[in-house]
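Remarks on the overall topology
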Amino acid sequence: MNTLIVYTLLPLAYLVTPAALIFGWVRWSKQRAAAAEGVTVSLVSFAFTSGSAALGLATIAFAQIHYFGFYDPVLMRIYGCGAVLSCISLLLSLAGFLRPNVLRWYAPACALGTLAFWVMTAAGE
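My aim in this report is to walk through the structure given alongside it, one point at a time.

Parameters and conventions
Residues numbered from 1 in each chain as written. Predicted model: local features only at pLDDT ≥ 70, side-chain atom pairs only at ≥ 80, totals over all residues. Heavy atoms only, no water. Helix = DSSP H or I, 4+ residues; strand = E, 2+ residues; numbered from the N terminus. Buried < 20%, exposed > 50% of the residue type's maximum accessible area, 1.4 Å probe, protein only. Contact = heavy atoms within 4.5 Å. Axes fitted to C-alpha atoms, helices over the stretch in contact; angles between N-to-C directions. Parallel < 35°, antiparallel > 145°, perpendicular 65-115°, else oblique. Left-handed = near helix turned anticlockwise from the far one by under 90°. Nonpolar A, V, L, I, M, F, W, Y, C, P; charged D, E, K, R; others polar.

Description of unusual backbone geometry
Notably, Tyr-71 is not glycine yet its phi reads approximately 55 degrees, a positive angle. Here Tyr-71 lies in the loop between helix 2 (40–65) and helix 3 (73–95). Looking at Tyr-71, the relative accessible area reads 48%, which means it is partly exposed.

A look at the side chain of Thr-49
On the secondary structure map, Thr-49 appears in helix 2. Exposure remark for Thr-49: the relative accessible area of 0% places this residue in the buried category. Those residues within four positions of Thr-49 in sequence are excluded, and the remaining contacts are Leu-21, Ser-89, Ala-107, Cys-110, Ala-111 and Thr-114.

As for the environment of Val-39
Tracing the chain through its elements places Val-39 in the loop between helix 1 (2–31) and helix 2. Separated by 61 residues in the primary sequence, Val-39 and Pro-100 place their C-alpha atoms 7.9 Å from one another.

A few points about the packing of helix 3 against helix 4 (residues 106–123)
Geometrically, a packed helix pair is captured by the angle between its two axes and the distance between the axes. Their axes nearest at 8 Å, the elements helix 3 and helix 4 cross at an angle of 155 degrees. The orientation of helix 3 relative to helix 4 falls into the category roughly antiparallel. For helix 3 against helix 4, the interelement crossing comes out left-handed. Of the residues in helix 4, those touching helix 3 at Ile-78, Tyr-79, Gly-82, Ala-83, Ser-86, Cys-87, Ser-89, Leu-90 and Ser-93 are Ala-107, Pro-108, Ala-111, Leu-112, Thr-114, Leu-115, Trp-118, Thr-121 and Ala-122. Here the residues of the contact of helix 3 with helix 4 sort into 12 nonpolar, 6 polar and no charged.

Have a look at this one:
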């Protein structure tokens, strides 16, 4: 069962989420003038998800030059902040389902992907 969970979360966190983030921002930038109404909540959700993903990338980059010990308190706080950002994004994205917009499906998919990333990295600690 654990193998099934890992093989489900791994592609979601490392392949689907970055692609969905890129495609979501590209799609929003192309259609933001035409579909500006009703996208606010989904856009805020997508921004929180992007912040969570940026925190993950910055943590990975910083870990290459700084050694994090086992259960390092700073690293645990980073995991917590990333998970909280992802959870806030997930809640906002569910509220964004009420109106059709360009980020309606990208926001919850990316929120779940970043949450999967934080759960996997914390579980790997």
